[in-house]
Number of protein chains: 2
Amino acid sequence: MPSSLKHLTAVARGEAAPDLVLANGRILNVFTGGFEEANVAVANGLIAGIAPDYQGPRTIDCKGLTISPGLIDAHVHIESSLCTPGEFSRAVTARGVTTVMADPHEIANVCGVQGVVFMHERSQATDLDIKLMAPSCVPACHLETSGADLDAVVLQELHEEGLVHGLAEMMNYPGVFLGDDRCLAILEAFQEEVIDGHAPRLSGKELNAYLATGIGSDHECTTADEALEKLARGMYILIREGTITRDLDALLPIVDEYNRRRICFCTDDRIPDDLLTEGSVDFPVRRAIAGGLDPVAALTMATLNPAEWFGMRDRGAIAPGRRADLVVWRDLESLEPAWVVAGGKVVLDDGKVPDAPDPVSATLPDGVGGTVRIDWGGVDFSVTAPAGVGEATVRVIGSIENQIVTEARHFTLRATDGGLEADPSRDVLKIAMIERHGRKGTMATGFIQGFGLKSGAMAGTIAHDHHNLVVIGASDAAMHTAARAAAELQGGIVVTSESQVLANMPLPVAGLMTDAPMAQVREQYRELQAAASNLGCRMHDPLMAMSFMGLEVIPSLKITDLGLVDVDRFDFVPVVV
Amino acid sequence: MPSSLKHLTAVARGEAAPDLVLANGRILNVFTGGFEEANVAVANGLIAGIAPDYQGPRTIDCKGLTISPGLIDAHVHIESSLCTPGEFSRAVTARGVTTVMADPHEIANVCGVQGVVFMHERSQATDLDIKLMAPSCVPACHLETSGADLDAVVLQELHEEGLVHGLAEMMNYPGVFLGDDRCLAILEAFQEEVIDGHAPRLSGKELNAYLATGIGSDHECTTADEALEKLARGMYILIREGTITRDLDALLPIVDEYNRRRICFCTDDRIPDDLLTEGSVDFPVRRAIAGGLDPVAALTMATLNPAEWFGMRDRGAIAPGRRADLVVWRDLESLEPAWVVAGGKVVLDDGKVPDAPDPVSATLPDGVGGTVRIDWGGVDFSVTAPAGVGEATVRVIGSIENQIVTEARHFTLRATDGGLEADPSRDVLKIAMIERHGRKGTMATGFIQGFGLKSGAMAGTIAHDHHNLVVIGASDAAMHTAARAAAELQGGIVVTSESQVLANMPLPVAGLMTDAPMAQVREQYRELQAAASNLGCRMHDPLMAMSFMGLEVIPSLKITDLGLVDVDRFDFVPVVV
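Scope of this entry: the structure provided in the associated data block. Counting from 1, residues in each chain are numbered in the order their sequence is written. Lettering for chains starts from A, numbering for ligands starts from 1, and both go in the order in which the items are written. A pLDDT threshold of at least 70 governs which residues receive local features in this predicted model, and a stricter bar of 80 or more applies before side-chain atom pairs are shown or counted, although totals over entire chains, interfaces and linings include all residues. Calculation of side-chain values draws on the structure's entire complement of heavy atoms; hydrogens and water are dropped beforehand.

### What about the overall build of chain A?
For step 1, the next point in the chain: Helix and strand assignments come from DSSP, with helices taken as H or I runs of at least 4 residues and strands as E runs of at least 2, each series counted from the N terminus. Secondary structure assignment for chain A yields 17 helices and 29 strands.
For step 2, the next point in the chain: In this setup the radius of gyration rests on C-alpha atoms only. A globule is expected at 2.2 Å times the number of residues raised to 0.38. Radius of gyration (C-alpha) of chain A: 25 Å, near the 25 Å computed for a compact globule of 577 residues.
For step 3, the next point in the chain: C-alpha extents for chain A along the principal axes are approximately 90 × 50 × 45 Å.
For step 4, the next point in the chain: When accessible area is computed with a 1.4 Å probe and restricted to protein chains, residues below 20% of their type maximum are described as buried, those above 50% as exposed, and intermediate ones as partly exposed. Split into buried and exposed, the 577 residues of chain A put 63% on the buried side.

### Quick word on the relation of the copies chain B and chain A
For step 1, the next point in the chain: Expressed as a screw operation, the relation of chain B to chain A combines 0.0 Å of axial shift with a rotation of 180°, fitting to an RMSD of 0.1 Å. Both copies of the chain, as the preceding transformation shows, are related through a two-fold rotation axis.
For step 2, the next point in the chain: In this assembly the copies share their binding face: 100% of the residues contributing to the interface of chain B also contribute to that of chain A. To line up the copies, we fit them by least squares on C-alpha atoms, keeping just the residues with pLDDT of at least 70 in both. Whether two residues touch is decided by their heavy atoms; if any such pair falls within 4.5 Å, the residues are in contact.

### Quick word on the interface of chain B and chain A
For step 1, the next point in the chain: Each side of the interface is counted separately: chain B has 62 residues, and chain A has 63 residues.
For step 2, the next point in the chain: Each of two parts loses accessible area, computed with a 1.4 Å probe, when they are put together; buried area is these two losses added. Summed over the three residues of chain B that lose the most area to chain A, namely B:Lys205, B:Tyr258 and B:Arg261, the buried surface amounts to 15% of that side.
For step 3, the next point in the chain: We count a salt bridge whenever a side-chain nitrogen from Lys or Arg sits within 4 Å of a carboxyl oxygen from Asp or Glu. One can count ten salt bridges joining chain B with chain A.
For step 4, the next point in the chain: Any pair of N or O atoms that falls within 3.5 Å is considered a polar contact. Within protein, one atom must be able to donate a hydrogen and the other to accept it, and sequence-neighbouring residues count only if both atoms are side-chain atoms. There are 26 residue pairs in polar contact (both at pLDDT 80 or more) connecting chain B and chain A.
For step 5, the next point in the chain: The set of elements that each furnish at least two residues to the side of chain B that touches chain A consists of α1 (2-13), β3 (46-51), α6 (173-177), α7 (181-189), α8 (204-211), α9 (224-232), α13 (295-301) and α14 (304-309) of chain B.
For step 6, the next point in the chain: Among the elements that take part in the side of chain B that touches chain A, α1(B) stands out by supplying seven residues, more than any other.
For step 7, the next point in the chain: Three classes are used, and their members are as follows: Ala, Val, Leu, Ile, Met, Phe, Trp, Tyr, Cys and Pro are nonpolar, Asp, Glu, Lys and Arg are charged, and the others, Gly among them, are polar. In the side of chain B that touches chain A, the residues fall into 30 nonpolar, 15 polar and 17 charged.

### A word on the sheet that holds strand β26 (residues 501-506) of chain B
Residue and element names in this part refer to chain B.
For step 1, the next point in the chain: At least two DSSP bridges between two strands are needed for those strands to be called paired. Read from one edge of the open sheet, ten strands run β17-β20-β19-β18-β22-β21-β24-β23-β25-β26, paired in mixed fashion. Each edge of the open sheet is held by one strand with a lone partner, namely β17 (383-384) and β26.
For step 2, the next point in the chain: Note: strand β23 (residues 457-460) against strand β25 (residues 492-496), four bridges, orientation antiparallel. Following the sheet pairing, Met458 is matched in β25 by Val495.
For step 3, the next point in the chain: The sheet strands contacting helix α16 (residues 518-534) are β25 and β26, and the helix crosses β26 at an angle near 150°. Lines fitted to the C-alpha atoms define the axes, with helices restricted to the stretch that makes contact. Angles between their N-to-C directions range from 0 to 180 degrees.

### Brief notes about the nonpolar core
For step 1, the next point in the chain: Among buried residues, the Ala, Val, Leu, Ile, Met, Phe, Trp, Tyr and Cys ones that are joined through side-chain atoms within 4.5 Å form a nonpolar core. Counting 159 residues, the largest nonpolar core has A:Ile107, A:Tyr210 and A:Phe451 as its most contacted members.
For step 2, the next point in the chain: Per-element accounting of this core gives the leading share, six residues, to helix α16 (residues 518-534) of chain A.
For step 3, the next point in the chain: Each residue touching A:Phe451, except ones within four places of it in the same chain, is listed here: A:Ser399, A:Asp427, A:Leu429, A:Met458, A:Ile472, A:Cys537, A:Arg538, A:Met539, A:Pro542, A:Ala545, A:Met546 and A:Met549.
For step 4, the next point in the chain: In terms of nonpolar packing, the next biggest core, distinct from the first, is built from 157 residues, B:Leu82, B:Cys83, B:Ala532 and B:Leu551 among them.

### Some words on the pattern of salt bridges
Residue and element names in this part refer to chain A.
For step 1, the next point in the chain: As enumerated under the stated definition, the model contains 76 salt bridges over all chains in all.
For step 2, the next point in the chain: Here Glu87 and Arg90 are joined by a salt bridge, their closest N and O atoms 3.0 Å apart. One end of the pair is Glu87 and the other is Arg90, both in helix α2 (residues 85-93) and three residues apart, which spans about a single turn. With respect to class, Glu87 is no different from Arg90; both count as buried.
For step 3, the next point in the chain: The closest approach of N and O atoms between Asp129 and Lys131, which form a salt bridge, is 3.9 Å.
For step 4, the next point in the chain: Here the salt bridges do not stand alone but share partners, grouping Asp129, Lys131, Asp314, Arg315, Arg323 and Asp325 into one network.

### A look at the packing of helix α5 (residues 152-160) of chain A against helix α7 (residues 181-189) of chain A
Residue and element names in this part refer to chain A.
For step 1, the next point in the chain: Viewed as axis vectors pointing N to C, α5 and α7 meet at an angle of 20°, and their least axial separation amounts to 9 Å. Relative to α7, the element α5 is oriented roughly parallel. Between α5 and α7 the crossing geometry is right-handed. In this structure, α5 contributes Ala152, Leu155 and Gln156 to the contact, and α7 contributes Ala185, Ile186 and Ala189.
For step 2, the next point in the chain: Taken together, the residues of the contact of α5 with α7 sort by class into five nonpolar, one polar and no charged. Orientation is classified from the angle alone, with under 35 degrees giving roughly parallel, over 145 giving roughly antiparallel, 65 to 115 giving roughly perpendicular, and any other angle giving oblique. Helix crossings fall into two classes, left-handed where the near helix is turned counterclockwise from the far one by less than a right angle and right-handed where it is turned clockwise.

### Looking at the side chain of B:Arg233
For step 1, the next point in the chain: Inspection of the secondary structure assignment puts B:Arg233 in the loop between α9 and β12 (236-240).
For step 2, the next point in the chain: With residues up to four places along the chain from it excluded, the contact list for B:Arg233 reads A:Asn29, A:Phe31, A:Glu36, A:Ile50, A:Ala319, A:Pro320, B:Leu207, B:Asn208 and B:Leu211.

### Describing a negative patch on the surface
For step 1, the next point in the chain: A cluster of acidic residues, A:Asp256, A:Glu257, A:Asp294, B:Asp256, B:Glu257 and B:Asp294, forms a negative patch at the surface.
For step 2, the next point in the chain: Checked against the element boundaries, B:Glu257 lands in the loop between α10 (248-251) and β13 (263-266). Within this analysis, patches are made of residues with over 30% relative accessible area and no salt bridge. Like charges are joined at 9 Å or less; nonpolar side chains (Val, Leu, Ile, Met, Phe, Trp, Tyr) at 5 Å or less. Throughout, the Shrake-Rupley method with a 1.4 Å probe supplies accessible areas, and for residues the shown protein chains are the sole cover considered. Positive charges are assigned to Lys and Arg, negative charges to Asp and Glu, while His and the chain termini are left out of the count. All charge positions are set by atom: Lys at NZ, Arg at CZ, Asp at CG, Glu at CD.

### A short note on the packing of aromatic side chains
For step 1, the next point in the chain: Between rings of Phe, Tyr and Trp, where Trp is taken as its six-membered ring, a pair exists when centres lie within 6.5 Å; planes separated by under 30 degrees are stacked, by over 60 edge-to-face, and by other angles tilted. Under the defined criterion, the tally for this structure stands at four aromatic pairs over all chains.
For step 2, the next point in the chain: Consider the rings of B:Tyr236 and B:Trp309, whose centres lie 5.1 Å apart with planes at 35°: the pair is tilted. On the criterion of sequence distance, the pair formed by B:Tyr236 in strand β12 and B:Trp309 in helix α14 is long-range, its members being 73 residues apart.
For step 3, the next point in the chain: You can call B:Tyr236 buried: its relative accessible area is 3%.
For step 4, the next point in the chain: Judged by centre distance (5.8 Å) and plane angle (55°), the ring pair of B:Trp309 and B:Phe310 falls under tilted.
For step 5, the next point in the chain: Overall, B:Trp309 belongs to the buried group, its relative accessible area being 4%.
For step 6, the next point in the chain: Among the residues examined, B:Phe310 registers a relative accessible area of 1% and is labelled buried.
For step 7, the next point in the chain: Members of the aromatic cluster, connected to one another through ring pairs, are A:Tyr236, A:Trp309 and A:Phe310.
For step 8, the next point in the chain: The lysine or arginine in question, A:Arg26, covers the ring of A:Phe35, its NZ or CZ lying 3.8 Å from the ring centre. Consider the ring centre and the ring normal. A charge sits over the ring if Lys NZ or Arg CZ is within 6 Å of that centre and within 35 degrees of that normal.

### Observations concerning the environment of B:Ile47
Residue and element names in this part refer to chain B.
For step 1, the next point in the chain: In this structure, Ile47 sits in strand β3.
For step 2, the next point in the chain: In this structure Ile47 comes out as buried when scored by relative accessible area, which is 0%.
For step 3, the next point in the chain: Spatially, the C-alpha atoms of Ile47 and Leu20 are 9.6 Å apart, while their sequence positions differ by 27 residues.

### What to know about helix α12 (residues 282-290) of chain B
Structurally, the α-helix is built with 3.6 residues per turn, so residues lying three or four positions apart point the same way.
Residue and element names in this part refer to chain B.
For step 1, the next point in the chain: The buried fraction of α12 is high, at seven of nine residues.
For step 2, the next point in the chain: Within the sequence span of α12, burial applies to Asp282, Phe283, Pro284, Val285, Arg286, Ala288 and Ile289.
For step 3, the next point in the chain: Buried positions along α12 lie against β6 (71-76), α10, β13 and α13.
For step 4, the next point in the chain: Of the residues trailing α12, Gly292 is marked for its positive phi of about 110°.

### Let's talk about the sheet that holds strand β7 (residues 97-102) of chain A
Strand pairing within a sheet occurs via backbone hydrogen bonds; the two strands may be parallel or antiparallel.
All names here are of chain A.
For step 1, the next point in the chain: Here three strands make up an open sheet; going across it, the order is β6-β7-β8 and the pairing parallel. Looking at strand neighbours, the two that pair on one side only are β6 (71-76) and β8 (129-132), the edges of this open sheet. Neighbour-to-neighbour, the strand axes of this sheet turn through a mean angle of 15°, independent of strand direction.
For step 2, the next point in the chain: Bridge count for β7 against β8 is four bridges, and the pairing is parallel. Note that in β8 the partner of Val100 across the bridge is Ile130.

### Some words on unusual backbone geometry
For step 1, the next point in the chain: With omega at 0°, the peptide bond leading from A:Val138 into A:Pro139 counts as cis.
For step 2, the next point in the chain: Mapped onto the fold, A:Pro139 is located in the loop between β8 and α5.
For step 3, the next point in the chain: Of the consecutive residues B:Pro555 and B:Ser556, the connecting peptide bond is found in the cis state with omega at 0°.
For step 4, the next point in the chain: Phi is positive for A:Phe570, close to 55°, though the residue is something other than glycine.
For step 5, the next point in the chain: Counting through the fold element by element, A:Phe570 comes out in the loop between β28 (563-566) and β29 (571-573).

### Re helix α15 (residues 476-488) of chain B
All names here are of chain B.
For step 1, the next point in the chain: Here the expected span of a helix is defined as 1.5 Å times the quantity of residues minus one. With 13 residues, α15 ought to run about 18 Å at 1.5 Å a step, and its terminal C-alpha atoms sit 18 Å apart, in line with that.
For step 2, the next point in the chain: Turning to α15, its buried residues are Asp476, Ala478, Met479, Thr481, Ala482, Ala483, Ala485, Ala486 and Ala487.
For step 3, the next point in the chain: Elements in contact with the buried residues of α15: β21 (428-434), β23, β24 (469-473), β25 and β26.
For step 4, the next point in the chain: Phi for Gln490, located one or two positions after α15, is positive at around 60°.

### Points about the side chain of B:Ser80
For step 1, the next point in the chain: Mapped onto the elements, B:Ser80 comes out in the loop between β6 and α2 (85-93).
For step 2, the next point in the chain: The class of B:Ser80 is buried, set by a relative accessible area of 13%.

Okay, here's the thing in structure tokens:
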């Protein structure tokens, strides 16, 4: 290793040739807030120096263009892209993103440590530098059956083995501020590391208690007042522009010359369509600039700031000794990259991605493929009516367009042969959650409103956060068809008629992701949406909506494999009132 | 440990009593740049929370006063205070300093690892949080005999044992930018840690090469242009106000709203008189405010900024979960502290230091006491004249008031019995450097001008950076008296007549420090200065000047135990031309 520094110092002195030179660009300096026209010399994947006259075997002329450090997405779940790290990397590096702080929370809930190891191994081959954070809340709580249980000991081992950079968003915020032993043990194990937070609307002394444990960031602020209080109490604010969650407009007004050193950007969850159309974390940067923020400040918030929060002194700026993560922008309004260099490698070359996709092995490692393990003998979508009555009042999950909170509604259904059936004419469908990790063989069935299917069914193995098999249908038969079809894919999303698959998207990796190209995934996703629409669904995105109907830590009425959950009471309730 | 977090969260929630409350103060918020009137609750040495109504068994009313985080001195050699860590701690915590980043470079040059261990152990008992950095340049170079040799392996062990936070100032800057193997091996060992720099006047590609190795700060800037270039290349700038080196006036004009997040303050070297009269790192903060810098910015530069540079997320701000390092200032102009809390303990109470000095054990551990080991048989201050001549031209070190650079002068001296003697009438004195580590028994004698002694001599065991025994005298006999007297103290500084000690200061700890109270040390220092003045010396501080006459990495002519050094040629030269 000293020999590598030796070469780097020789390149810096101008006595050895750099691997690559970005010449004549307008270099953004995140330390001074200014620009400088000079050449950047790259060697060994690092920046050797900045001077007017470096020359190398490959020199890219950046005359008239602006060079910034590579962007850093401060918080993202790669699983939400439905693609594995290689394809995710290709999509976001083309946007100028060179580092992401990734929480493998979804795959960890299915595959446990094997899921984290899988993401780590796949991340070794990507041009994007993917820094994994240890998923802190597996499972989310006791009202569900997830595929794994990661306690403080296991998480600490992940850190000692170098697989994770810090602790990912501590979502169980009531557990933390109330001093829950399991939460505190996990936090205690990461006291010397970066700990990300997740504390929607937490304030006052409860916020004090949450932060007293060493948590240091939040990406859940939705109002300026909330963000200002959290900033004042020491949290880095990660402004999020996800697929559903769009917080920039509310939070941009708080940014001032004093506090902006503590503000970053993140995407959290973005589906393929948004990644390919709007972009990744470049999207909030572009929107912030369009909203009037000084481009230097906006780009600093996406580079130096997250580098500082995560203690990564090796990136986030164009300076000697730092990683050669560089973006040559055509201009700072469109924020369209012409060249992107990631770790010294040109990954976008005059607007084109130069590489063929990396070859991905067809077989998945143990524990990550074949994750749909269902005991079909126990699968039964019938709901029994109380004995001897002609009708019964049932609790119905009231789904709301573009929200993940639901309403708890009541409906009266007629009993047929002692059972209660879906009533598509009033948009009362059945929803079921089937444990699919081969652990308990549990399942629960209830009723739901808002999806609008006149017939047929939808099913999927993405169901936050436990990712059991969720099914919504107009009849028990259609639900059987959909559930079986999703399982036969060994994970995925399907839309079916009573007996036929109308559209599907296989997600063989943990039932969450695929190795297929992202553009293909986008097409499949559109086909699924179209099929649901043809069945009568009027929702903007029923597939994503379905995936949140099992998230029992978000109000008000949800369903897990263990039963219908009244989130406000944080306990199970019967379907029949 | 979870139980400690559990208590902290209970205090934060208001459900358990804090140990201490600072009530009704105007709390400076380094994140927002604003102030907030509220109560700060302290428990387990940490800040539990900030809210209007916390109450505790001890509540300090701070009405009308301003509370800031405790100050951080970003770079200091405690040895320059001539006092051991306990006494240093008492002096600087009374000024509002609660953390120092200390480079034990001087004691390491005498005692090696045992010196670092000693500083570490003594630091465990201080209220001040002393973070040691690994001394990177022991010895400074090959033209001297120091007491130890710390290579990359040894330094890495110090880090693995948890004794050091990072790597202290890498002073051999030519070695670094030229790719010297020893320097690179040391830097390589600390790539994951904070590495402080020291690169006076380095610029352009040489600066690029220096920084490509991962070095990230500089405290040697003396001009605005130098500081601006280093800032732009990614260095944190530590503005220094030492006893001799006073850089604030030159550097304050560069501070702007964009770059100030990367600027800190430090003291580097301060003698007791300055520490007790002017203060520690509070001194540059006070001067910066007097010079027109926004007090919030100035205090942020002395708190949050160094905490960020050194990756210490646990301090530098008043926020839940951070160390309870708090200063209650009477006002932000005088910057006079009324109360100081360090790690939750009140160390200044309404302007008074509440504690008696800690008891210090009389015996010093192995290797730190008894460090003056001289073979007196080899000590001889005579300088032989060339055979058969009546006079000879000699090289004379030209000492310059208040500078550590010297001039190389020539003088002609008459030969007496084949020897060359000092000539006090023309202020040509003798200077000798005697190896005192018991390693080689080497010594060298030369001539020096500028000290003005008409008779007598001075000697001391502080001689940067090797800390051999330095003697300056008007006659060989007086030099013997002084050298013997300093050695009999087992280290220290003496001023003598031909045969009598006129004043002395014992420095039994490595010949560099004493356990005596700092006020007493200041008195002894003044007595030494008065005694030198009575002998004819007109220098402001001849004792400190003497200590730099052996520092052969600073131009132009210096002396080590191995001979007279022409620094420009970086080699030895004979005394007689």
